[in-house]
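Listed below, chain by chain, are the residues.
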Amino acid sequence: MVYLTRKNLKKVTSDNLILMESLILFDIWLTMKLRWLLVQVFQLIIPLVKIASIVCISILAILYVKEDGNLAQLTDEKNHLIIDRFSMPYKKSIVGIESCNNYIYQYFKNKALPDFASEASGALIVGTPDTKTYNEPKSLQLTVLGLPVWKAGYYTPRKVIQSWTEAGECWAFEGSQGKIIIEMAYEIVIEKVTLEHIPVSAALTGKIDSAPKSFKVWSKVSDEFVDIGTFTYDDKGLHSQTFEIKKIDMQTVPIKIVMLEILSNYGNSYYTCIYRFRIHGKIYSLSKE
């Protein structure tokens, strides 16, 4: 039998204190080591994150810069400073108050005509036969972590029947020849058509070689397209130019589908831009009254 004397009790208590002190010191040491390890990990991760960010940004920049040089040529028109879309055409090229008044009169006269090719009026794009949108990217936008960092700078064929306000807001197709088919909401008797492009005086380069030059208008009659007129857009004229349909045999024919065919442009071999195409006339059912 072992008896705990006062001396033995003191020895046990002293051993326990030493053990507790050792445990406390170990905990302190372990905590400091863990803190040091975490600091080292963070010091290693942060540069890696920075490097990864720089690499991603560099890749995006390279992808953007390496876009076909033709795209830069296309967006160049949009980057030009447009001081005043409505006044610039006659400020530089038309002299005298009388000519300015004539410009304003012609502009609002064309605007006042009913536009049956307007998307807002129910028109839609049926197709673009044998015609490809210029430099169409594979995706509409590029995102990183769900955030958009780059968006495609191009417009679909629908832009031809939508409004525009700035240079570059057009549908561009490859080459100098192309077609686009428009279906109107009503059967109409076509009287006039209007083709629009940014005016040459609004571009700092002083030229709009991507503007359509010669174009033809076709109407679909009995499942066949019939030629109803060939016209020429003047690159030094008004930005909105209206042409009259003079074929007498088409003045009583109801038309719902029209094809605009661009035959040539003003020298750009890469692409052609159409800002707006309008169709004017009267609803066929009302024209008979």
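Because the structure is predicted, anything quoted here is derived from the model rather than measured.

(A) Geometry of the overall build of the chain. Across its full length, the chain carries five helices and eleven strands. The buried share of the chain, reckoned over its 289 residues, is 34%. Long-range contacts, defined here as pairs at least 24 residues apart, represent 77% of the contacts in the chain between residues at least 6 apart. For the chain, the exposed surface amounts to about 18300 Å²; the carbon and sulfur share of it is 61%.

(B) Region of the structure containing the packing of aromatic side chains. Tallying each qualifying case throughout the model produces seven aromatic pairs. Here F215 and F231 contribute two aromatic rings whose centre-to-centre distance is 5.6 Å and whose plane-to-plane angle is 40°, an arrangement assigned as tilted. Of this pair, F215 sits in strand 6 (residues 214-221) while F231 sits in strand 7 (residues 224-232), and the two are 16 residues apart along the sequence. Across this residue pair, the class does not change: F215 and F231 are buried. Aromatic side chains F231 and F243 sit 5.4 Å apart centroid to centroid with 35° between the ring planes, which places their arrangement in the tilted category. Of this pair, F231 sits in strand 7 while F243 sits in strand 8 (residues 240-244), and the two are twelve residues apart along the sequence. What makes F231 buried here is its relative accessible area of 11%. Given a relative accessible area of 12%, F243 falls into the buried group.

(C) Representation of the environment of I279 in the model. Position of I279 among the secondary structure elements: in strand 11 (residues 276-283). Looking at I279, the relative accessible area reads 0%, which means it is buried. Sequence spacing of I279 and A117 is 162 residues, and the spatial spacing of their C-alpha atoms is 5.3 Å. Excluding anything up to four places from it in sequence, I279 contacts P114, D115, F116, A117, M184, I188, I190, K192 and V258.

(D) How the structure looks around the nonpolar core. Judged by nonpolar contacts, the single largest core of 42 residues is most densely connected at I190, F215 and F277. The greatest single-element share of this core, amounting to seven residues, is contributed by strand 5 (residues 178-196).

(E) The arrangement of the side chain of T133 in detail. Tracing the chain through its elements places T133 in the loop between strand 1 (124-127) and strand 2 (141-144). Only 3.0 Å separates the side chain of T133 from the side chain of W171, close enough to count as a polar contact. Residues contacting T133, with those up to four places away along its chain left out, are Y154, Y155, P157, W171, A172, F173 and E174.

(F) Quick peek at the state of the cysteines. Per the stated rule, a full pass over the model turns up zero disulfides. For C170, which is in no disulfide, the shortest distance to another cysteine sulfur is to C273 and amounts to 3.2 Å.

(G) Looking closely at a nonpolar patch on the surface. Together, F26, W29, L30, L34, W36, L37, V41, I45 and V49 give the surface a local cluster of nonpolar side chains, amounting to about 870 Å² of exposed area. Assignment of secondary structure puts I45 in helix 1 (residues 6-65). For I45, a relative accessible area of 41% gives the class partly exposed.

(H) Region of interest: the pairing of strand 5. The sheet contact formed by strand 1 and strand 5 spans three bridges and is antiparallel. Paired with I125 across the two strands is I182, which belongs to strand 5. Strand direction decides the pairing type here: strand 5 and strand 9 (residues 255-262), joined by seven bridges, are antiparallel. Directly across from K179, in strand 9, lies its bridge partner E261. Bridge count for strand 5 against strand 8 is five bridges, and the pairing is antiparallel. By the bridge assignment for strand 8, T194 is matched with T242.

Calculation rules
The numbers attached to residues start from 1 for each chain and follow its sequence in the written order. Only residues with pLDDT of 70 or above have their local features reported here, since the model is predicted, and side-chain atom pairs are shown and tallied only from 80 upward, although totals for entire chains, interfaces and linings are computed over all residues. Only hydrogens and water are removed before side-chain values are computed, so all heavy atoms of the structure are retained for them. By definition, any uninterrupted DSSP run of H or I lasting at least four residues is a helix, any uninterrupted run of E lasting at least two residues is a strand, and each is numbered from the N terminus. Only protein chains enter the calculation, and the probe is 1.4 Å; a residue is then buried if its accessible area is under 20% of its type maximum, exposed if over 50%, and partly exposed in between. We call two residues in contact when some of their heavy atoms are within 4.5 Å. To measure how exposed things are, a 1.4 Å probe is used in the Shrake-Rupley method; for residues, cover is taken only from the protein chains shown. Two aromatic rings from Phe, Tyr or Trp, using only the six-membered ring of Trp, form a pair when their centres are within 6.5 Å; if the ring planes differ by under 30 degrees the pair is stacked, by over 60 it is edge-to-face, and anything between is tilted. The criterion is simple. A nonpolar core is a set of buried Ala, Val, Leu, Ile, Met, Phe, Trp, Tyr and Cys residues joined through side-chain atoms within 4.5 Å. Pairs of N or O atoms within 3.5 Å make up the polar contacts considered here, provided that, within protein, one atom can donate a hydrogen while the other can accept it, and that residues adjacent in sequence are counted only when both atoms are side-chain atoms. When the sulfur atoms of two cysteines come within 2.5 Å, that pair is taken as a disulfide. Like charges within 9 Å and nonpolar side chains (Val, Leu, Ile, Met, Phe, Trp, Tyr) within 5 Å are joined into patches, using only residues over 30% in relative accessible area that form no salt bridge. We define a salt bridge as a side-chain nitrogen of Lys or Arg found within 4 Å of a carboxyl oxygen belonging to Asp or Glu. Paired strands are those between which DSSP finds at least two bridges.

These values are about where atoms sit, not about what they do.
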